[in-house]
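Residue strings, one per chain:
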Amino acid sequence: MTPSRTDSRRQTGVADRFVAPARLANNLQVVLVDLIELHLQGKQAHWNVVGTNFRDLHLQLDELVDIAREASDTIAERLRALQVSPDGRSDTVTASTSLPAFPAGEQNTATVVDLITDRIAAATATMRTVHDDVDADDPSSADLLHAIIDDLEKYAWMISAENHSA
């Protein structure tokens, strides 16, 4: 055990067990709320998208929702593995997400593409902002962020391609 990690461990009776320092717990919590909000906004878009290429975007949004939901579960379970209680309650998510609110009502496909792409960018920006501190505290958690960023940025590209022409 290195002296710098002593404050992050506690005796469990058998072996020392890593416990997330407060900074790591806080950083993973902000990622968690953005992923939960991305999942919810993806569903809102899915239910209210209309217009050209509706079906394709409708299905893509469900795939994005699955990615965001799985990623939020991964982060929440990582927090639990690090002896932290994740907070995914709706009031917590609403109060602390960095994602802008999603508009109510029907939205045309071109608008939804831009709105969702912006929300994915906001969620990945949060992960990139906390990444270096997460990596310094727990490289294993940083590896999870890498995979989630990769998945979301790939999906942002695939969804945003709807509004591009050659």
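Keep in mind it's a predicted model, so treat the numbers as computed, not measured. (Residues numbered from 1 in each chain as written. Predicted model: local features only at pLDDT ≥ 70, side-chain atom pairs only at ≥ 80, totals over all residues. Heavy atoms only, no water.)

Some points on unusual backbone geometry
One non-glycine residue, N53, lies in positive phi territory at about 60°. Topologically, N53 is positioned in the loop between strand 3 (49-50) and helix 2 (54-81). With phi around 70°, Q83 is a residue other than glycine that occupies positive phi space. Topologically, Q83 is positioned in the loop between helix 2 and helix 3 (90-96). Q83 gets classed as partly exposed once you look at its relative accessible area, which sits at 27%. (Helix = DSSP H or I, 4+ residues; strand = E, 2+ residues; numbered from the N terminus. Buried < 20%, exposed > 50% of the residue type's maximum accessible area, 1.4 Å probe, protein only.)

Details of helix 1 (residues 22-48)
Taking 1.5 Å of rise per residue, the 27 residues of helix 1 would be expected to cover 39 Å, and the 39 Å separating its terminal C-alpha atoms lies within 8% of that figure. Counting buried residues in helix 1 gives 20 out of 27 residues, a clear majority hidden from the surface. (Expected span 1.5 Å × (residues − 1).)

Notes on the UniProt feature "domain: Ferritin/DPS" (unreviewed entry) in the protein
Taken from the UniProt record, the annotation "domain: Ferritin/DPS" (unreviewed entry) applies to residues 27-161. End-to-end, the C-alpha atoms of residues 27-161 are 31 Å apart, and along that stretch the chain is 80% helix and 3% strand. (UniProt positions renumbered as here; feature names shortened; annotations may be inferred.)

Some details on the packing of helix 1 against helix 5 (residues 139-160)
At a closest axis distance of 12 Å, the pairing of helix 1 and helix 5 adopts a crossing angle of 25°. Classed by the angle they form, the pair helix 1 and helix 5 counts as roughly parallel. In terms of crossing hand, the pair formed by helix 1 and helix 5 is left-handed. Residues L24, L28, V31, L35 and L38 of helix 1 form the contact with helix 5, whose participating residues are S141, L145, I148 and L152. (Axes fitted to C-alpha atoms, helices over the stretch in contact; angles between N-to-C directions. Parallel < 35°, antiparallel > 145°, perpendicular 65-115°, else oblique. Left-handed = near helix turned anticlockwise from the far one by under 90°. Contact = heavy atoms within 4.5 Å.)

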